[in-house]
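An overview of the molecular structure
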Amino acid sequence: MDRLSAEAGAAPVAAAAEAEADEEADPPAADLPTPQVSERRDPHPSRMQMPQGNPLLLSYTLQELLGRDTVQVELIPEKKGLFLKHVEYEVSSQRFKSSVYRRYNDFVVLHDMLLQKFPYRMVPALPPKRVLGADREFIEARRRALRRFINLVARHPPFSEDVALRLFLSFSGPDVQNKLKESAQYVGDEFMNCKLAPRAKDFLPADIQTQLAVSRELIRNIYNSFHKLRDRAERIASRAIDNAADLLIFGKELSALGSDTTPLPSWASLNSSTWGSLKQALRGLSVEFALLADKAAQQGKQEENDVVEKLNLFLDLLQSYKELCERHEKGVLHKHQRALHKYSLTRRQMLSTTVQSREPDAAEQLESRIVEQENAIQTLELRSYFSLYCLHQEMQLVHVYLPLTSHILGAFVNSQIQGHKEMSKVWNDLKPKLSCLFAGPNSSLTPPRPLEDGVSPQ
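Residues numbered from 1 in each chain as written. Predicted model: local features only at pLDDT ≥ 70, side-chain atom pairs only at ≥ 80, totals over all residues. Heavy atoms only, no water.

The condition is simple: UniProt positions are given in the numbering used here, feature names are shortened, and annotations may be inferred rather than shown by experiment.
As named in an unreviewed UniProt entry, the protein is Sorting nexin-8 isoform X3, taken from Callorhinus ursinus. Looking at the Sequence similarities (unreviewed entry) heading of the UniProt record, one finds this comment for the protein: "Belongs to the sorting nexin family."

Here we look at the overall build of the protein
Spelled out, the test is: Secondary structure follows DSSP: runs of H or I at least 4 residues long count as helices, runs of E at least 2 residues long count as strands, and numbering of each begins at the N terminus. The contact definition used throughout considers only heavy atoms, calling two residues in contact when any of these lie within 4.5 Å. Every accessible area reported is derived by Shrake-Rupley at a probe size of 1.4 Å, with residue values counting cover from the shown protein chains alone.
Helix and strand content of the protein: 15 helices and three strands. Within the protein, counting contacts between residues at least 6 apart in sequence, those at least 24 apart form 78% of the total. Accessible area of the protein: about 26,500 Å², with a carbon and sulfur share of 54%.

Comments concerning unusual backbone geometry
Although it is not a glycine, Asp175 sits at a positive phi angle of roughly 55°. In this structure, Asp175 sits in the loop between α8 (163–170) and α9 (176–183). The backbone of Tyr186 shows a phi angle near 60°, a positive value even though the residue is not glycine. Note that Tyr186 resides in the loop between α9 and α10 (190–193).

Some words on the packing of aromatic side chains
For clarity, the threshold we go by: For this analysis, a ring pair means two rings from Phe, Tyr or Trp (six-membered ring only for Trp) whose centres lie within 6.5 Å, classed as stacked if their planes differ by under 30 degrees, edge-to-face if by over 60, and tilted for the remaining angles. For each residue, the accessible area found with a 1.4 Å probe, counting protein chains only, is set against the maximum for its type, and the residue is called buried under 20%, exposed over 50%, and partly exposed in between. Note on criteria: charge over ring means Lys NZ or Arg CZ within 6 Å of the ring centre, with the direction from the centre no more than 35 degrees off the ring normal.
Evaluation of the coordinates by the stated rule reveals 11 aromatic pairs. Between the aromatic rings of Phe107 and Phe168, the centroid separation amounts to 4.9 Å while the plane-to-plane angle is 65°, which identifies the pairing as edge-to-face. With Phe107 in helix α5 (residues 104–117) and Phe168 in helix α8, this pair connects stretches of sequence that are 61 residues apart. For Phe107, a relative accessible area of 0% corresponds to the buried category. Centroid distance Phe250 to Phe289: 5.0 Å. Interplanar angle 35°. Geometry classified as tilted. In this pair, Phe250 sits in helix α12 (residues 208–258) while Phe289 sits in helix α13 (residues 272–356), placing the two residues 39 residues apart along the sequence. For Phe250, a relative accessible area of 48% puts it in the partly exposed group. Here a set of aromatic residues connected by ring pairs shows up, and it is made of Tyr120, Phe191, Phe203, Phe386 and Tyr389. Cation over ring: Arg142 sits above Tyr104, and NZ or CZ is 4.9 Å from the ring centre.

A closer look at the pattern of salt bridges
Operational definition: Any Lys or Arg side-chain nitrogen located within 4 Å of an Asp or Glu carboxyl oxygen qualifies as a salt bridge.
Throughout the structure, instances matching the rule amount to 22 salt bridges. Ionic pairing is found between Arg143 and Glu140, a salt bridge with its closest N-O pair at 2.8 Å. Of this pair, Arg143 and Glu140 both sit in helix α6 (residues 136–155), three residues apart, which is roughly one turn of that helix. Assessed through its relative accessible area of 7%, Arg143 is described here as buried. We note a salt bridge from Asp231 to Arg230, for which the minimum N-O separation is 3.1 Å. Look at Asp231 and you get partly exposed, because its relative accessible area is 27%.

Focus: α5
Heads up, the condition is: Expected helix span is given by 1.5 Å per residue-to-residue step, counting one fewer step than there are residues.
For α5, spanning 14 residues, the distance from its first C-alpha to its last is 20 Å, which sits close to the expected 20 Å at 1.5 Å a residue. Along α5, the residues classified as buried are Tyr104, Asp106, Phe107, Val109, Leu110, His111, Met113, Leu114 and Lys117.

A short note on the sheet that holds strand β1 (residues 71–75)
Cut-off, in case you're wondering: In this scheme, strands are said to pair when DSSP sees at least two bridges between them. Between the N-to-C directions of two axes lies an angle of 0 to 180 degrees, each axis being a line fitted to C-alpha atoms and, for a helix, fitted only over the stretch in contact.
One open sheet accounts for three strands, arranged β1-β2-β3; its pairing is antiparallel. A single partner strand is all that each edge strand has here, and the edge strands are β1 and β3 (98–103). When strand polarity is set aside, the average angle formed by the axes of neighbouring strands in this sheet is 25°. Pairing of strand β2 (residues 88–93) with β3 involves six bridges; the strand directions are antiparallel. Bridge pairing in β3 links Tyr89 to Arg102. On the sheet, α5 packs against β2 and β3 and is oriented at approximately 100° with respect to β3. Those strands touched by α6 are β1 and β2, and its axis lies near 160° from that of β1.

Considering empty space enclosed by the protein
Rolled over the atoms, a probe as big as a water molecule pinpoints where empty space is left. Short version of the rule: The pocket and cavity definitions rest on a 1 Å grid over protein atoms only: a 1.4 Å probe that fits but cannot leave marks a cavity, an open set with protein on both sides within 12 Å along at least five of seven lines marks a pocket, and residues lining either have an atom within 4 Å of a point. Grid points are joined across faces, edges and corners, and a volume is the space filled by probe spheres set on the points. The residue classification treats Ala, Val, Leu, Ile, Met, Phe, Trp, Tyr, Cys and Pro as nonpolar and Asp, Glu, Lys and Arg as charged. All others, Gly included, are polar. Domain segmentation is taken from an automatic or database assignment of domains.
This structure, assessed with the given rule, holds one cavity of 30 Å³ or more. Of the volumes computed, that of the largest cavity is approximately 70 Å³. Considering the residues around the largest cavity, the lining is formed by Met122, Pro124, Leu152, Arg155, His156, Leu317, Ser320, Leu397 and Tyr401. Secondary-structure elements contributing two or more residues to the lining of the largest cavity are α6, α13 and α14 (360–401). Partitioned by chemical class, the residues of the lining of the largest cavity number six nonpolar, two polar and one charged. Both domains that meet at the lining of the largest cavity, namely domain 1 (62–190) and domain 2 (237–261 + 273–436), each give it at least three residues.

Pasting the structure below:
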């Protein structure tokens, strides 16, 4: 990104554009360039108003972002379609008080529309599509990823006011994909619709390149750490679920042992009453172990939903910022560099033709091409600065989400406290029921003493 200033300074048209900006630093809104198809657009009213103060700065809190909407994505049990079955989701929005049915491809179209209309913003990635062999685990993981995607989109300030999102969350008619595509026709991207776009450079700090470089390094480090935290949290939740399965099997085996109907041999008939009481006690213990298994499973599921999912949500956001930085460098900056190179070649060709003065028609064509290239370079330069403007805002948005860390840690600690508390109560309720398993002197029931130094008591 640090190439932008050097490239812009190398272009003759850049100097002319800056000279014009010095003469008229704050042109009236009516003089700002607008797309030719503006009469066919219907942008949101708030997008057309000039914000007060420095529009580069965001003033949102995490609670304000989370309060914009909460969208649920639930799997429809039945697979639709006569021959090729497909999965369908019920998407419910609190903000629009709506519930609609969507397929994975509907999410893909929404994602494409957002990239088309907001190429300089963080558009979260979609989970991969598996055509064949989609098992239950894959479908559940994709459902969770789609829920994270649509919630990040619904809470993103520019996206939340876009007609495409409103259609996706509330349109219940047939063929939502065509409806989404129609909403993007003749509209243009955010650069064409934002009246501040031609003056984005005026709002950028002088050290914007340094700020972005530091921010990218910071977010790269945060992403790596959160990725490791997510992996550990997944293992902790998985162990709780595995523990639940083991406890359930343990209780079932005790119950099976207590329900054994094999008759006692004759030489053991003297202790038949002891074995009968033991079997009765063992059968009763399966209830407590089933309850312990249920508590462990609840803890694992809660940590999956409240800890792992929030970590994944934040990771999705950080990944979208990293991808946005790459789009900025490989997209508008790369196009700007190519346009400057092409302009330089055309200028040299023009000078050569003028010196030779043999083909006046060719000289006129080259001059026309130079004018076109100058206009294209000026537009690309404005887009470059607007891309930096959006990058700076998206960087602020990522930092607004950083306090989510305290929510994640709080959910993790509360889950551990609540889980251990509930399981401890069940273990304590279970202990008195073990008394009948231990026969002591004079038929009293006492538990055995603990073994010392690995030697069994006589």
